[in-house]
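Geometric and topological summary
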Amino acid sequence: MDPTLEQKQWMYRQMLVSRLFEERVEQIYLEGKTPVFNMANGPIPGEMHLSNGQEPCAVGVCAHLNAEDIVTATHRPHHQAIAKGVDLKKMAAEIFGKATGLSGGRGGHMHLFDANVNFSCSGIVGQGLGPAVGAALSRKMQKKSGVAVSFLGEGAANQGAFHESLNLAAVWNLPVIFVIEDNAWGISVAKETATAVKHNATRAAAYDMPGVYVPGNDPDAIFTAAGEAIQRARAGGGPSLLDIETYRLAGHFMGDAEAYRPEGEKEGLLKKDPILGYESALLASGNLSESENAEIKDSAKRAVDEAIEFARESQFSNPESALEHVFA
Amino acid sequence: MAAKERKLTVARAMAEAMSQEMRADEQVFVMGEDVGPLGGVFGNTRGLYEEFGKERVRDTPISETAFMGAAVGAAADGMRPIVELMFVDFFGVCFDAIYNLMAKNTYFSGGNINVPAVIMTSTGGGYSDGGQHSQCLYGTFAHLPGMKVVVPSNAFDAKGMLTAAIRDNSPVIYMFHKGLQGMGWLGTEAGATVNVPEEQYTVEIGKAATVSEGHDVTIVSLGMGVHHSLRAAALLQEKGVSAEVVDLRALVPLDRDHIFESVKKTGRLVVVDEDYQSYGVSGEVIASVVERDISILKAAPQRVAYPDIPIPFAHHMEQWALPNAEKIVSACLEVTHSDG
Amino acid sequence: MTDETAQAVRIPVDLWEEDVEAVITTWFVSGEAEVDQGDLLAEVMAEKIQFEIVAPASGILNIMVQQDELVEKGDTIATITVSSN
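Parameters and conventions
Residues numbered from 1 in each chain as written. Chains lettered and ligands numbered in written order. Predicted model: local features only at pLDDT ≥ 70, side-chain atom pairs only at ≥ 80, totals over all residues. Heavy atoms only, no water. Helix = DSSP H or I, 4+ residues; strand = E, 2+ residues; numbered from the N terminus. Buried < 20%, exposed > 50% of the residue type's maximum accessible area, 1.4 Å probe, protein only. Contact = heavy atoms within 4.5 Å. Domains from an automatic or database assignment. Buried area = accessible area lost by both parts, 1.4 Å probe. Salt bridge = Lys/Arg side-chain N within 4 Å of Asp/Glu carboxyl O. Polar contact = N/O pair within 3.5 Å; in protein donor to acceptor, adjacent residues only side chain to side chain. Phe/Tyr/Trp six-rings, centres within 6.5 Å; stacked < 30°, edge-to-face > 60°. Axes fitted to C-alpha atoms, helices over the stretch in contact; angles between N-to-C directions. Left-handed = near helix turned anticlockwise from the far one by under 90°. Core = buried A, V, L, I, M, F, W, Y, C linked by side-chain atoms within 4.5 Å.

**Structural notes on the overall build of chain C**
- Across its full length, chain C holds zero helices and eight strands.
- Reading chain C from its N end, one meets helices and strands in the order β-β-β-β-β-β-β-β.
- Its C-alpha atoms give chain C principal-axis dimensions of roughly 45 × 20 × 20 Å.
- Within chain C, the fraction of its 85 residues that count as buried is 42%.
- Sequence separation of 24 or more characterises 61% of the internal contacts of chain C that already satisfy a separation of 6 or more.

Given below as structure tokens:
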């Protein structure tokens, strides 16, 4: 299945929102952290894992998902959260630690939860797979619609949780799709030195489920592969594994000097920016007019600006509110 | 006419609690290793598979990481999973799902997501199962903000607290001692098999109980320790020392008021804990009294706890290490200065 | 005057295969308690397998073999005094 015009424009816009958001976050993150880079300082403290370059994975998959579908994500969640429809203002406020954030500041950038669109993420590698399996189990047991998608990195495919979760999903025939964003690096460790197989897609055979490798970081190709997997799950055909080639245009985390990258790799990647590539393709094929493009860019920028402004201007909560919400 | 007496073992009481709650609420289901046709290696899911079938009583592969994580995800999506961790000692292979997800997701979501999961897990030694199959680990799980911890000492509390745990919207770890289950092949503490009402009822989580009144010394314990303490109290009575035995029943929430009131009455405190001595339950109980008002104590508190050693296999070594009535008697005599 | 007959609570002679001794692991009712036919009375363990012993009649239970004591197939472990008018 190929994306319709509307879907293509949706994907393009979501990628733009995502990238603009990351660029703003990157700027603000560095506030208070120069000349000395101390992670504790500034309006956005802590770690920051940006998704620049990986936007196609999020939009290609989430184009097929509704609010009722469940997504579990990782420490690098912004593009997926945005594509899933997480409230952008509350997400920004959460990253700033404000009272108006998704969790009132209790979660932060790696623990974004939006119950309205069934999105959650977590910072321990590989540990979002089990919960996605559980959510899929829940829908099947309740005979309710909805599929679960678990996003993970290629490094997480070497965690025990990956193998256990795929096996369990297959044994119980659950509507869950495991989506690997293969950006070739596990912090500083190249995939070839950590993973026994060339493509994780081949591991799906060990769990008797379909496994598809999607090269090229192209939203349309990802859309097609994801669509088949999600349709299969919705029809009761069980789990699938998607293994998507993507690029991490930033470091693993903000502050990562990326000395481990081979010379020239970074420059080469920046030339392959998937959003620029998609924009060119849309314009060239007549799927996007110049004026539509300007409008989309403008609306994306406004959405991001509003969200950041909302976050900036929101208040912090009373510190003792840290004691709240430990139990139900 | 009074209801007929009917005793149950802790295992049967647990199974009854689950079956009654599963009849009442379709969202409740059980998963774990050997919980299905076998009825659980410790007998606690007896009859459930026959009544509810394989959809709601699920045998899992040996994949704790996956199914503990699945419990989190299913609970967040509106189910009420009861997931078995066969031996608490196996926590290592699924601790992230418990420690960083199950206990914390409600908090991380600012209260927007509940995780109404129950982990039921076996604890305790004394039958030479070795250091990886005999631990109690009460302290490890009590030391986890966001997780409630329940430790029944008898079948009546076992049914009531399991029902309460299933209904609780917070995650609860229900830690049952193998020696209280009623499994013939383990040896069972007879005092745990008690009369259990047939109807559904709850025992509030977080309320301790004084199981035997006294005025010379307070013995605080949980699980199997309660039975050792009761035996010790009987022995102490012969020596003219009146011991009050308090059953904590839960570690989180910890009923500090109840503990304090008892120690205020007796002035002396002995804590009995089968978990490792240092950095755990016994220290917490003592600290919670001392930090509130040290003047109520007539003597330094004592603890009868497992030494800080991995649990040895050899029978004589293991028995030497375990808390028992004699050790508790000695400790009580010491705090009451009755030992000459 | 009521007639009282004592009904034996017996371990079935074919309850387990081997000729091994068993032990009463649990009495679920106390002595002198009132029981109904079909009530679960006790558990007996032979070779790690536990078997249920149920009341063959209604009446007052009189335990003859205590918990933790050894038994063999065919043994009477209690009686039930059945009242009939």
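**Examining the domain arrangement of chain B**
All names here are of chain B.
- When cut into domains, chain B gives domain 1 (8-195) and domain 2 (209-335).
- Contact with domain 1, which involves 31 residues of that partner, is made by 25 residues of domain 2.
- The contact between domain 1 and domain 2 buries some 2,100 Å² in all, and 56% of this surface belongs to carbon and sulfur atoms.
- Of all residues in domain 1, Ser128, Tyr138 and Glu189 give up the largest surface area on contact with domain 2, accounting jointly for 24% of the area buried on that side.
- Counting across the domain 1 and domain 2 interface gives two salt bridges.
- Residue Glu189 pairs with Arg231 through a salt bridge whose shortest N-O separation is 2.8 Å.
- On inspection of domain 1 and its partner domain 2, the count reaches 19 residue pairs in polar contact (both at pLDDT 80 or more).

**Some remarks on unusual backbone geometry**
- Note the cis peptide between Thr34(A) and Pro35(A), where omega equals 0°.
- Examined against the element boundaries, Pro35(A) turns out to sit in the loop between α1 (5-30) and α2 (55-62).
- Residue Pro253(B) is reached from Val252(B) by a cis peptide bond, and omega for that bond is -5°.
- The residue Pro253(B) is located in the loop between β12 (250-252) and α9 (256-266) in this model.
- One non-glycine residue with positive phi stands out, namely Asn217(A), at about 50°.

**Description of the packing of aromatic side chains**
All names here are of chain B.
- A full pass over the atoms with the stated rule returns 12 aromatic pairs over all chains.
- Ring centres 6.0 Å apart and planes at 70° place the aromatic pair Phe42 and Phe176 in the edge-to-face group. Here the residue Phe42 occupies a position in the loop between β2 (28-32) and α2 (48-56), and Phe176 occupies one in strand β7 (residues 172-177), the gap between them amounting to 134 residues. Both residues of the pair, Phe42 and Phe176, count as buried.
- The interplanar angle of 70° and the centroid separation of 5.8 Å between the aromatic rings of Phe91 and Phe141 together place this pair among those described as edge-to-face. Placement of Phe91 in the loop between β4 (80-87) and α4 (95-102) and of Phe141 in helix α6 (residues 138-142) is noted, with a sequence separation of 50 residues between them. Taken individually, Phe91 and Phe141 each receive the classification buried, so the pair is uniform in this respect.
- Through a chain of ring-to-ring contacts, three or more aromatic side chains come together here, namely Phe42, Phe87, Phe90 and Phe176.

**So, the interface of chain B and chain A**
- Taken together, the 42 residues of chain B in the interface contact 34 residues of chain A.
- Carbon and sulfur atoms make up 66% of the area that chain B and chain A hide from each other, which totals about 3,000 Å².
- Summed over the three residues of chain B that lose the most area to chain A, namely Asp77(B), Tyr107(B) and Phe108(B), the buried surface amounts to 22% of that side.
- Inspection of the region where chain B meets chain A yields one salt bridge.
- Measuring nitrogen to oxygen at the nearest pair gives 2.7 Å for the salt bridge that ties Asp77(B) to Arg139(A).
- Listing elements by their share of the side of chain B that touches chain A, those giving two or more residues are β2, α2, β3 (57-59), α3 (64-76), α4 and α5 (105-108) of chain B.
- A total of nine residues in the side of chain B that touches chain A trace back to one element, the largest contributor, which is α3(B).

**Remarks on the packing of helix α1 (residues 10-24) of chain B against helix α7 (residues 155-167) of chain B**
Residues and elements named next belong to chain B.
- Here α1 crosses α7 at 30°, and the two axes come no closer than 8 Å. In this structure, α1 meets α7 at a crossing whose hand is right-handed. The residues of α7 that touch α1, namely those facing Val10, Ala13, Met14, Glu16, Ala17, Met18, Gln20 and Glu21, are Ala155, Ala158, Lys159, Leu162, Thr163, Ile166 and Arg167.

**Focus on the nonpolar core**
- Residues Phe178(A) and Phe141(B) are the most contacted members of the largest nonpolar core, which totals 79 residues.
- Ranked by residues supplied to this core, first place goes to α3(B) with eight residues.
- When neighbours within four sequence positions are excluded, Phe141(B) is seen to be in contact with Val88(B), Phe91(B), Phe95(B), Ile98(B), Met147(B), Val149(B), Ile173(B) and Met175(B).

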